[in-house]
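# Examining the three-dimensional arrangement
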Amino acid sequence: MSATPLLEVKGLSAGYGAAAVLRDIDLAVRPGQVAVVLGANGAGKTTLMRALAGTLPHTGTISIDGVDVSNSRPDIMLRHGVSLIPQGRGTLTTMSVRDNLRVGAVSRKDRAGIAADLERWFEIFPRLAERSEQIAGTLSGGEQQMLAVARALMSRPRLLLCDEVSLGLAPLIVQGLFDRLRQVNEESGTALLLVEQNAELALDISSQVYLLEVGSVAASGTTESFRENNSIRQAYLGY
Ligand code: ATP
């Protein structure tokens, strides 16, 4: 296992104007690892994802492969392999499925590689292949979420930040989506940092957990240790 984390966050604080939201966050994701951030509504999960993706200024440091990329713009973060699936999907609703995927590859120049990846994601998400010429805004919620995932993957990220990808989707669709995320992680070695309300499903595919409470990391550890801790399990899983 690589000694240098893919993503390392140290003492990160961020907020909106005078309103401090995140305080002194430390976290790390190793290459190919799946980690999940759990926390109540308003804990600061989306704020954390935005800081990591380069859309929110912050103090403290964010490093990729040991290189300080703090306060880099989203396009620079993308170049470092960090891609965000924002909450609420963020697909381009007036464009076709295929064009959405092409936009996802905008930072790349390798035409043959892009074409091969299109085919690959169409294989993994056959629904998108069937609907490749359909306008994205007319897809179902689950299909749009799959498109958001596939579009982010078109940049060939090394770290995919997933902000509540399960939000508003039926349980069966959510299960399918998590199965695909697991497949992408296992086959491509793409590391995932998940922010999820659906703790149980996220834990199923994660090896590391961070608990965010009122803008701070209240606890962190392996998924195993999380499940073995009765009070934490009861608070976050309800049993
Ligand atoms: P949820 O699970 O409800 O999405 P969250 O953990 O993702 O919550 P954030 O969206 O990060 O939480 O919000 C954290 C805090 O920051 C909240 O108190 C929220 O009201 C505040 N906040 C979020 N976005 C803004 C903004 N653009 N301007 C001012 N305050 C904001």
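Note that this is a predicted model, so its numbers are computed, not measured.

### Focus on the sheet that holds strand E10 (residues 216-222)
Taken together, 6 strands build an open sheet; the order of strands is E6-E7-E8-E3-E9-E10 and the sheet is mixed. Edge positions in the sheet fall to strand E6 (82-85) and E10, since each has one partner strand and no second. Taking each pair of neighbouring strands and ignoring which way they run, the sheet shows an average axis angle of 15°. Both strand E3 (residues 34-39) and strand E9 (residues 208-213) contribute to a ladder of 5 bridges, which runs parallel. Pairing of glycine 39 across the sheet is with leucine 212, part of E9. This element, helix H1 (residues 45-53), spans E3, E6, strand E7 (159-163), strand E8 (191-195) and E9 of the sheet and lies at about 150° to E7. Its contacts with the sheet put helix H10 (residues 230-237) on E3, E9 and E10, and the angle it makes with E9 is roughly 70°.

### Considering the packing of helix H3 (residues 97-104) against helix H6 (residues 141-153)
In the contact formed by H3 and H6, the axes pass within 7 Å of each other and the chain directions differ by 35°. In this structure, H3 crosses over H6, and the sense of that crossing is right-handed. Residues Val97, Asn100, Leu101, Val103 and Gly104 of H3 form the contact with H6, whose participating residues are Leu147, Ala150 and Arg151. Class assignment for the residues of the contact of H3 with H6 results in 5 nonpolar, 2 polar and 1 charged.

The rules behind each value
- Residues numbered from 1 in each chain as written.
- Predicted model: local features only at pLDDT ≥ 70, side-chain atom pairs only at ≥ 80, totals over all residues.
- Heavy atoms only, no water.
- Pairing = 2+ DSSP bridges.
- Helix = DSSP H or I, 4+ residues; strand = E, 2+ residues; numbered from the N terminus.
- Axes fitted to C-alpha atoms, helices over the stretch in contact; angles between N-to-C directions.
- Contact = heavy atoms within 4.5 Å.
- Left-handed = near helix turned anticlockwise from the far one by under 90°.
- Nonpolar A, V, L, I, M, F, W, Y, C, P; charged D, E, K, R; others polar.

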